[in-house]
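Now for the letters of each chain:
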Amino acid sequence: MHSSGVRALVGALRVGQWVKNVLLLLPLLLSHQIGQFDLWLDAGIGLVLFCLAASSVYLVNDVVDVDADRRHPAKKRRPLAAGRISPGTLLAVAAGLSAAVLFMAWARMPLGFVWMLAAYLILAHLYSLALKRIVLVDVFVLAVLYASRVLAGGQATAIKISPWLLALIIFLFVSLAFAKRCAEIRLTVDEGLPRRGYRSADLRLLEALGVVSGYLSVLVLALYINSPAALLLYPRPWLLWPVCLLLMYWISRTWLLVQREELRDDPLVFFSKDPVSYVLGVLTAVLGVAASL
């Protein structure tokens, strides 16, 4: 393969999207065991495997969506849509990546992680092939794909995911999935692109569902702060109350950006480049550490 072909293949892997896999570290960050190197090693290996698995999904997705991508103002620059690489090459690399990550996971990681990785690959490919064209189902599947990274992080480190964290991420990720879909619908309205079964009149309802789901995640956090489970980990749980306000602000700002059509990427990718989100993250971490002392 020529150097231009290698560059095209690297571009098709969508390395910039790997930031979403940082979610695998969430169970470890919240476990009060961040000083254990072996857990970081396991979480890091799991993160790398999920990054490679995600890239295999993106390659297949590019082949499936090549015609639509060629009509899209931004996606038309993807290597396959731009004609810089062949569909056969992408499918061959995708198959090789999927097989390799499953083998490496089986050889090194806990069995629960292997099953999570396999489930992620199957569901992600089904999403690319068909599920993303089914109204509302696409949103919930997208939320499950977000959440699967957190669950996989728990399996990689043998850290149990609490029902509180599971409830919080479900509502939060459903909100982010609605935000992603609403942002895409707004773009399709502006550009006259296919809308995958949605109509412009659906936007008001979808946005309401997304905001409500986001605020339900805040409610879960508020209930957790008052629970016996919080007292076991946080001697000063009252210091977590400002985190509720920070989360409410972040969710509200997310939907404000959707309304203003300033959020045009996957929300997690967008916020990985957002200074405000970093400030909110640091404040949340400071409050969490202070509450645990």
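Computed from a prediction, not measured in an experiment: that's the story for all the values here. (Residues numbered from 1 in each chain as written. Predicted model: local features only at pLDDT ≥ 70, side-chain atom pairs only at ≥ 80, totals over all residues. Heavy atoms only, no water.)

Draft legend 1. Broad picture of the overall build of the chain. What the chain contains, in helices and strands, is 13 helices and zero strands. Secondary structure of the chain in N-to-C order comes out as α-α-α-α-α-α-α-α-α-α-α-α-α. Taking 293 residues into account, the globule formula puts the C-alpha radius of gyration at 19 Å, and the chain, at 20 Å, falls close to it. Taken along its principal axes, the extent of the C-alpha atoms in the chain is 60 × 50 × 30 Å. Per-residue burial for the chain yields a buried fraction of 49% across its 293 residues. Counted over contacts in the chain with a minimum sequence separation of 6, partners at least 24 positions apart contribute 72%. Split by element, the accessible area of the chain, about 14300 Å² in all, is 71% carbon and sulfur. The averaged location of the 17 negative side-chain charges in the chain is 1 Å from the averaged location of its 27 positive side-chain charges. (Helix = DSSP H or I, 4+ residues; strand = E, 2+ residues; numbered from the N terminus. Rg over C-alpha atoms; globule rule 2.2 N^0.38 Å. Buried < 20%, exposed > 50% of the residue type's maximum accessible area, 1.4 Å probe, protein only. Contact = heavy atoms within 4.5 Å. Areas by Shrake-Rupley, 256 points an atom, 1.4 Å probe, with all protein chains shown as cover. Lys, Arg positive; Asp, Glu negative; His and termini not counted. Charge placed at Lys NZ, Arg CZ, Asp CG, Glu CD.)

Draft legend 2. Broad picture of the packing of helix α3 (residues 37-64) against helix α7 (residues 137-157). Packing of α3 against α7 brings their axes to within 9 Å, and their N-to-C directions diverge by 140°. Taken as a pair, α3 and α7 cross one another with a handedness that is right-handed. Contacts between α3 and α7 involve L39, D42, A43, F50 and Y58 from the first element and S148, R149, A152, A156 and T157 from the second. (Axes fitted to C-alpha atoms, helices over the stretch in contact; angles between N-to-C directions. Left-handed = near helix turned anticlockwise from the far one by under 90°.)

Draft legend 3. Spatial organisation of unusual backbone geometry. Unusually for a residue other than glycine, H32 sits at a positive phi of about 65°. Inspection of the secondary structure assignment puts H32 in the loop between α2 (26-29) and α3. H32 gets classed as partly exposed once you look at its relative accessible area, which sits at 39%. A positive phi angle, near 60°, is found at A158, a position not held by glycine. Considering the arrangement of structural elements, one finds A158 in the loop between α7 and α8 (163-191).

Draft legend 4. Molecular detail of the pattern of salt bridges. Per the counting criterion, the structure on display carries twelve salt bridges. The shortest N-O distance in the salt bridge between R186 and E207 comes to 2.9 Å. With R186 in helix α8 and E207 in helix α9 (residues 203-225), this residue pair connects regions lying 21 residues apart in the sequence. In terms of burial, R186 and E207 fall into one category: buried. A salt bridge links E261 to R186; the nearest nitrogen and oxygen atoms lie 3.8 Å apart. Taken together, the positions of E261 in the loop between α11 (241-259) and α12 (267-271) and R186 in helix α8 put the pair 75 residues apart, joining distant regions of the chain. One continuous salt-bridge network, built from bridges that share partners, spans D138, K180, R181 and E184. (Salt bridge = Lys/Arg side-chain N within 4 Å of Asp/Glu carboxyl O.)

Draft legend 5. Here's a closer look at the confidence of the model for the chain. Here the chain averages 90 in pLDDT, while 96% of its residues score no lower than 70. Put simply, helix α1 (residues 3-12) is where the chain has its lowest mean pLDDT, 77, and α11 is where it has its highest, 96. (pLDDT = per-residue confidence, 0-100.)

Draft legend 6. Region of interest: a nonpolar patch on the surface. A cluster of nonpolar side chains, V135, L136, F140, L205 and L209, forms an exposed patch at the surface whose accessible area comes to about 420 Å². Mapped onto the secondary structure, L136 falls in the loop between α6 (111-129) and α7. Classification of L136 as partly exposed rests on a relative accessible area of 34%. (Patch = residues over 30% accessible without salt bridge, like charges linked within 9 Å, V, L, I, M, F, W, Y side chains within 5 Å.)

Draft legend 7. Expanded view of the packing of aromatic side chains. Following the criterion strictly, the structure yields eight aromatic pairs and no others. Centre to centre, the rings of F50 and F113 are 5.8 Å apart; their planes meet at 65°, and the pair counts as edge-to-face. Here F113 lies in helix α6 and F50 lies in helix α3, a separation of 63 residues in the sequence. Among the residues examined, F50 registers a relative accessible area of 0% and is labelled buried. Under the relative-accessibility criterion, F113 is labelled buried at 0%. Among the aromatic residues, those joined into a cluster by ring pairs are F50, F113 and Y120. (Phe/Tyr/Trp six-rings, centres within 6.5 Å; stacked < 30°, edge-to-face > 60°.)

Draft legend 8. Quick look at the side chain of R186. Overall, the relative accessible area of 15% leaves R186 in the buried class. Within the structure, R186 has its side chain in polar contact with the side chain of Q259 (distance 3.2 Å). When near neighbours in sequence (up to four residues on either side) are disregarded, R186 contacts L203, E207, V258, Q259 and E261. (Polar contact = N/O pair within 3.5 Å; in protein donor to acceptor, adjacent residues only side chain to side chain.)

Draft legend 9. The arrangement of the layout of surface pockets in detail. One number sums up the size of the largest pocket: a volume of about 2100 Å³. Together, 50 residues line the largest pocket, and L26, L29, L30, L165 and T284 are the ones closest to its centre. Those elements that place two or more of their residues in the lining of the largest pocket are α2, α8, α9, α10 (228-233), α11, α12 and α13 (275-292). Looking at which element gives the most residues to the lining of the largest pocket, the answer is α13, with ten residues. Partitioned by chemical class, the residues of the lining of the largest pocket number 39 nonpolar, nine polar and two charged. (1 Å grid on protein atoms, 1.4 Å probe; cavity = no way out; pocket = protein on both sides within 12 Å on 5 of 7 lines; lining within 4 Å. Points joined across faces, edges and corners; volume = space filled by probe spheres on them. Nonpolar A, V, L, I, M, F, W, Y, C, P; charged D, E, K, R; others polar.)

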